[in-house]
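Secondary and tertiary structure notes
Chain by chain, the residues run as shown.
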Amino acid sequence: MSPVLAADLNLIRLGPAADRPPTRRSPAELRALAERAGRELDGAPAEEVARWAVRTFGDRFCVTSSMADGVLAHLVSRVAPGVDVVFLDTGLHFPETLRVRDQVAATMPVNLRSIRPRMTVGQQDGEFGPRLFNRAPDECCALRKVEPLERALGDYDAWAAGLRRDESPTRANTPVVGFDARRGRVKVNPIAAWTQADVDAYVSRWNIPVNELFKQGYTSIGCWPCTRRTTAGEDPRAGRWAMFEKTECGLHV
């Protein structure tokens, strides 16, 4: 694409990750930025929220995706071709999830970063005993999701997630821009106000890859040992950690 056409589309070009400058903003500055943007961008189109994030943070902004679909990666890449997309490869994903990841990497103008835990599943079994996810799912999530995310976010001041307010009661107050005090970073949720109908319309319009498991009765998809199909009338996230009083993996707290 020519520079002129890129300018006409209001695109923001990102350089290679190796050129990322040192962090320039303190946690206090980031918190102030997030609080102001959260007020001013509430109700704004998702593309506008993404554009604000890329203009504000440049190469120190990334997208995270569970690869339930490629919606968020596609939306941000329309604003900023070359954006980093972080995927947490837990070693316990369904093959269908990895297929979406590979489709996103192959068909979208993004820099896909597949981040793995420090231990393989086999090494974790040796250290903590087999099937830790059945005995202590919080500990398993901490090892295979939370720590890898925090390690990956060391390169960024802000990150985007695909959280939506209609997904569950625990996400009903999700801001479009907030401050993650635990990680000291800005968290951007461009599609927070979208409904499932909005997602479906976007998928149809842009031919976005979607996890095939949705067609098989799954309504929320995580690691295979901790995900089951849901039945009519159940909360969409009822199939996650169904035997435990647990609704989140620890990434979104």
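Computed from a predicted model, the values in this text were never measured in an experiment.

Remarks on the confidence of the model for the protein chain
For the protein chain, per-residue confidence averages 86 on the pLDDT scale, and 84% of positions sit at 70 or higher. pLDDT under 50 marks residues 15-21. Its contacts with residues more than four places away, or in other chains, come to 9 contacts.

Some details on the pairing of strand β3 (residues 110-115)
Bridging between strand β2 (residues 83-88) and β3 involves 6 bridges; their strand directions are parallel. Residue pairing for β3: D84 is matched across the bridge by N111. For the segment spanning β2, helix α5 (residues 95-107) and β3, crossover handedness is right-handed.

Thoughts on the nonpolar core
W52, F61, V76, V177, V186 and V188 are the most contacted members of the largest nonpolar core, which totals 42 residues. Per-element accounting of this core gives the leading share, 7 residues, to helix α3 (residues 46-57). Beyond its immediate stretch of four places on either side in the chain, V177 contacts A34, A37, G38, L41, V49, W52, V186, K187 and V188. In this structure, I115, L149, A161 and L163 belong to the second largest nonpolar core, which totals 11 residues.

Some thoughts on the sheet that holds strand β6 (residues 185-188)
Read from one edge of the open sheet, 6 strands run β3-β2-β1-β4-β6-β5, paired in mixed fashion. Bordering the open sheet on either side are β3 and β5 (177-180), each of which pairs with just one other strand. Across the sheet, the axes of successive neighbouring strands diverge by a mean angle of 30°, strand direction being ignored. Strand direction decides the pairing type here: strand β1 (residues 61-64) and strand β4 (residues 158-160), joined by 3 bridges, are parallel. The residue of β4 that forms the bridge with C62 is W159. Its contacts with the sheet put helix α2 (residues 27-40) on β5 and β6, and the angle it makes with β5 is roughly 155°.

Things to note about the pairing of β6
Alternating positions in β6 separate into two faces, R185 and K187 on one and V186 and V188 on the other, with burial throughout. Sheet topology places β4 next to β6; 3 bridges connect them, and they run parallel. Pairing of A158 across the sheet is with V186, part of β6. Of the strand pairs in this sheet, β5 and β6 are connected by 4 bridges, and their pairing is antiparallel.

Brief notes about the pattern of salt bridges
In total, this model carries 15 salt bridges according to the counting rule given. Measuring nitrogen to oxygen at the nearest pair gives 3.1 Å for the salt bridge that ties R60 to D157. Of this pair, R60 sits in the loop between α3 and β1 while D157 sits in the loop between α8 (137-152) and β4, and the two are 97 residues apart along the sequence. Exposure class is identical for R60 and D157. Each is buried. For D155, the salt bridge identified is with R113, shortest N-O distance 3.4 Å.

Cut-offs used in this document
Residues numbered from 1 in each chain as written. Predicted model: local features only at pLDDT ≥ 70, side-chain atom pairs only at ≥ 80, totals over all residues. Heavy atoms only, no water. pLDDT = per-residue confidence, 0-100. Contact = heavy atoms within 4.5 Å. Pairing = 2+ DSSP bridges. Helix = DSSP H or I, 4+ residues; strand = E, 2+ residues; numbered from the N terminus. Right-handed = clockwise from strand over helix to strand, strands pointing away. Core = buried A, V, L, I, M, F, W, Y, C linked by side-chain atoms within 4.5 Å. Buried < 20%, exposed > 50% of the residue type's maximum accessible area, 1.4 Å probe, protein only. Axes fitted to C-alpha atoms, helices over the stretch in contact; angles between N-to-C directions. Salt bridge = Lys/Arg side-chain N within 4 Å of Asp/Glu carboxyl O.

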